[in-house]
Amino acid sequence: MAEHMVDLDRWPRAEQFRWFKTFEKPHYAVTVRLNATHLMTQRKPQGVSVFRACLHAIGHGLHAVPELNMRFRGDVVVRHDSVVLSSPVPRPGGGFNFSYVPFHEDFAQFDHGAIAAIEDARHRKTLEANTGRGDAVAYMSCLPWMDFTSLDNAMPHAEDCIPRVAWGKIVPEGGGWRMSMSLQVHHALADGEHLGAYFAAAQEALDAG
């Protein structure tokens, strides 16, 4: 996965980057309700995995917004062409391991890779947290037990700039279905307009197929 250096002298957000990078708590999260009606009434009956379809929609949203694939290391900012989607996978005996799913725009190709990555994580004996994997990754969690209205993540330190996405229980509403989804980002790299573009792209993917 290639990465590209961002020229801070030409980057329109360089001033905002330097400003928010000094904050003690620079992360913020937004939770919205997405329409899952097409997913539940059309795609699920066709045998599409709801979990993997949501994972693909998240990947589509992240890759539609270049800022969400940016990372910084000190004062150096890079943009990744693609990021891996990391999600916890339950183990048969309890607990979980982390999966690492490569993103492909084509759902069938993505789904094939996701099945293999998830099965590998399910039966692996080690957690395999992101140690030495680099920052070309995004973290996500499925919380099917809760129809949450807001969510915050545990962050290791203020320099962590990897986005976190979570989605909740899919519930009936007004003859259709909806679910909550949260995106947490580092304000040095992303503003509200970028989150808005992400949610629009994720909804587009949920409505496709």
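For the structure, check the block above.
About the thresholds
Residues numbered from 1 in each chain as written. Predicted model: local features only at pLDDT ≥ 70, side-chain atom pairs only at ≥ 80, totals over all residues. Heavy atoms only, no water. Helix = DSSP H or I, 4+ residues; strand = E, 2+ residues; numbered from the N terminus. Rg over C-alpha atoms; globule rule 2.2 N^0.38 Å. Contact = heavy atoms within 4.5 Å. Areas by Shrake-Rupley, 256 points an atom, 1.4 Å probe, with all protein chains shown as cover. Lys, Arg positive; Asp, Glu negative; His and termini not counted. Charge placed at Lys NZ, Arg CZ, Asp CG, Glu CD. Pairing = 2+ DSSP bridges. Axes fitted to C-alpha atoms, helices over the stretch in contact; angles between N-to-C directions. Core = buried A, V, L, I, M, F, W, Y, C linked by side-chain atoms within 4.5 Å. Buried < 20%, exposed > 50% of the residue type's maximum accessible area, 1.4 Å probe, protein only. Salt bridge = Lys/Arg side-chain N within 4 Å of Asp/Glu carboxyl O.

Undergrad: Could you clarify how one ought to interpret the overall build of the protein chain in this entry?
TA: Scanning the protein chain from N- to C-terminus turns up 5 helices and 10 strands. The C-alpha radius of gyration computed for the protein chain amounts to 17 Å, which stays within 12% of the reference 17 Å derived for 209 residues, consistent with globular compactness. Judged by the C-alpha coordinates and their principal axes, the protein chain covers about 50 × 40 × 30 Å. Taking as baseline every contact in the protein chain between residues at least 6 positions apart, the subset at least 24 positions apart corresponds to 71%. As presented, the protein chain carries roughly 10,300 Å² of accessible surface, and 55% of it is formed by carbon and sulfur atoms. With 20 positive and 24 negative side-chain charges, the protein chain shows a spacing of 7 Å between the two charge centroids.

Undergrad: Where do I start with the pairing of strand β3 (residues 70-73) in this structure?
TA: Along any regular strand the residues' side chains alternate between the sheet's two faces. By the bridge criterion, 4 bridges tie β3 to strand β4 (residues 76-80) in an arrangement that is antiparallel. Bridged to methionine 70 within β4 is arginine 79. Counted between consecutive antiparallel strands, the loop separating β3 from β4 contains 2 residues, among which glycine 74 sits at a positive phi close to 70°.

Undergrad: Looking at this structure, I do not really get the sheet that holds β4. What am I missing?
TA: Strands in a sheet are paired, the pairing made by backbone hydrogen bonds, and the direction either parallel or antiparallel. With antiparallel pairing, 3 strands are arranged side by side in an open sheet as β1-β4-β3. Only two strands of the sheet have a single neighbouring strand rather than two, namely β1 (3-5) and β3. Averaged over all pairs of adjacent strands, the angle between strand axes in this sheet comes to 30°, irrespective of strand direction.

Undergrad: Honestly, the nonpolar core in this entry has me stumped. Any pointers?
TA: It is characteristic of soluble globular proteins that their nonpolar side chains tend to be buried jointly. The biggest cluster of nonpolar side chains holds 38 residues, and the ones touching the most others in it are Met140, Met181 and Tyr198. Taken together, the elements giving at least two residues each to this core come down to β2 (27-35), α2 (37-43), α3 (50-63), α4 (107-123), β7 (137-143), β8 (164-168), β10 (176-186) and α5 (192-206). Val6, Phe17, Met70 and Cys161 belong to the second-largest nonpolar core, a separate cluster that totals 12 residues.

Undergrad: How should the pattern of salt bridges be read in this particular structure?
TA: All chains considered together, the criterion is met by 14 salt bridges. We note a salt bridge from arginine 124 to glutamate 128, for which the minimum N-O separation is 3.1 Å. Exposure remark for arginine 124: the relative accessible area of 14% places this residue in the buried category. Two residues, aspartate 147 and arginine 178, come together in a salt bridge whose shortest N-O distance is 2.8 Å. Of this pair, aspartate 147 sits in the loop between β7 and β8 while arginine 178 sits in strand β10, placing them 31 residues apart in sequence. Assessed through its relative accessible area of 10%, arginine 178 is described here as buried. Each of Glu3, Arg73 and Asp135 takes part in one network of salt bridges that share partners.

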